[in-house]
Amino acid sequence: MGGAASDLKSLADEQRLKGNYKAAIKHYREAINISLRGRNTGSGAGDLPRGRLRQVVDAQVGLALAQRALGRWKDALDALEKASQHYTDTNDKPGIAFTRWAQAGTLRVKGDIRGCIEGFKQALGLFTNLSDDPGVGYTLCGLGGASRIEGAYDASFDYYIKANSLFSSLDDRFGIAYSYCGVGNALRMKHEFKEAKDYLNRALNIYGKIGDIVSSAYTILSLGLLYTMTDKYEMADSFFDRAQQRFKATSDTRGIIYVLLGKCQIGHLNKASVGNSDLLQQALQYANQYDFSVERCHCLKLGAILNGVTTDCYQQLGIVSVGEVLPLNIP
């Protein structure tokens, strides 16, 4: 029974890393159900033998990460809170650190950037105490991304540079690509477009070699935003199309919102207003449906600029506004 559950969790992890989130969720649930079989009638998961209970909790964490990737951050936070409590009760320090990191990333999806940064800082301390270098590296990347959205672009750059140095020492190719993308985006926000393009292309090259489609989609999106900022609208549109294909393949609604915002901007900058209001409306509907606070604010800001009004949504979220005129350098 334990072997079957472990095999299913491994399969689920593999599918999640490939971006097959719906399949991953199915296998995580199967692993959880198998692990729960045989417990006393009416008993809870806490009555399981310790080894099988750990299997259940680990699978629940993986399930939460897959749910988060599909935008279901509320379900993910609930599952991670329960997992965190179990790891705390059993003094499982690696489990505590990992769930703190996962919770912080989920708060980013929610749009709670202050809470996200605080969570990543806590995770960084935990991973550092464990001498878990990969954990430190990915947490630095998390801080880099959250700092960029907050508007602290220099801090974002520094976090990603530190992460890249660490991943390079570990020969972690995915981590190297991930941090290259972060460095590129920090430079893009600082309007250092030539250097930004170089780092983003470095990331895309490595992602191509390792066959990644999940994170590479955001790198392609970032290049589309960079080309928008440098008035290369036809090139930007082609990159948005490429990113959209990957976001659709992985059912990443949040990514699709950014594509819609990018295409809406290009339409207005090209004076081709036909269909642009529909793109913005669709993006806003997705943001409202999934309750993505940051992405909703981007939609409201673009709409406000196009209609000659203002919005204070960035101030409410405690992050820096993306600007007042097109094109918007969306972080």
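Caption draft 1: Molecular detail of the state of the cysteines. For the structure on display, the rule yields 1 disulfide. Between the sulfur of Cys297 and that of Cys313 lies a disulfide, 2.0 Å long from S to S. On the sign convention where negative means left-handed, the S-S torsion of about 80° between Cys297 and Cys313 marks this disulfide as right-handed. On the criterion of sequence distance, the pair formed by Cys297 in helix H15 (residues 293-307) and Cys313 in helix H16 (residues 313-317) is long-range, its members being 16 residues apart.

Caption draft 2: A look at helix H9 (residues 173-189). Counted at 1.5 Å a residue, the expected span for H9 with its 17 residues is 24 Å, and the 24 Å between its end C-alpha atoms agrees. Of all 17 residues making up H9, 14 are buried, and the element is well covered by its neighbours. For H9, the N-terminal capping position is held by Asp172, with its side-chain oxygen 3.2 Å away from the main-chain nitrogen of Phe174. Positive phi appears at His191, one or two residues downstream of H9, with a value of about 60°.

Caption draft 3: Fine view of the packing of helix H7 (residues 133-150) against H9. Interaxial distance between H7 and H9 falls to 10 Å at its minimum, and their mutual angle equals 20°. The angle between H7 and H9 falls in the class roughly parallel. The crossing of H7 and H9 is left-handed. Contact residues: Tyr138, Cys141 and Arg148 in H7; Phe174, Gly175, Tyr178, Ser179, Asn185, Ala186 and Met189 in H9.

Caption draft 4: The arrangement of the packing of aromatic side chains in detail. Considering all chains together, one arrives at 10 aromatic pairs under this definition. Each ring, one from Tyr218 and one from Phe247, has its centre 4.8 Å from the other, and the planes form 65°; the classification is edge-to-face. Of this pair, Tyr218 sits in helix H11 (residues 214-229) while Phe247 sits in helix H12 (residues 233-249), and the two are 29 residues apart along the sequence. Residue Phe247 is classed as buried on the basis of its relative accessible area, which comes to 0%. Ring pairing ties together the aromatic residues Tyr138, Phe167, Phe174, Tyr178 and Tyr207, which thus form one cluster. The ring centre of Trp101 lies 5.8 Å from the NZ or CZ of Arg68, which sits over that ring. The ring of Tyr180 carries Arg202 above its face, with NZ or CZ at 5.3 Å from the centroid.

Caption draft 5: Layout of the side chain of Ser156. Along the polypeptide, Ser156 turns up in helix H8 (residues 153-170). Taking relative accessible area as the criterion, Ser156 reaches 0% and is therefore assigned buried. When near neighbours in sequence (up to four residues on either side) are disregarded, Ser156 contacts Gly144, Ser147, Arg148 and Ala186.

Calculation notes
Residues numbered from 1 in each chain as written. Predicted model: local features only at pLDDT ≥ 70, side-chain atom pairs only at ≥ 80, totals over all residues. Heavy atoms only, no water. Disulfide = S-S within 2.5 Å. Helix = DSSP H or I, 4+ residues; strand = E, 2+ residues; numbered from the N terminus. Expected span 1.5 Å × (residues − 1). Buried < 20%, exposed > 50% of the residue type's maximum accessible area, 1.4 Å probe, protein only. Polar contact = N/O pair within 3.5 Å; in protein donor to acceptor, adjacent residues only side chain to side chain. Axes fitted to C-alpha atoms, helices over the stretch in contact; angles between N-to-C directions. Parallel < 35°, antiparallel > 145°, perpendicular 65-115°, else oblique. Left-handed = near helix turned anticlockwise from the far one by under 90°. Contact = heavy atoms within 4.5 Å. Phe/Tyr/Trp six-rings, centres within 6.5 Å; stacked < 30°, edge-to-face > 60°. Lys NZ or Arg CZ within 6 Å of the ring centre and 35° of its normal.

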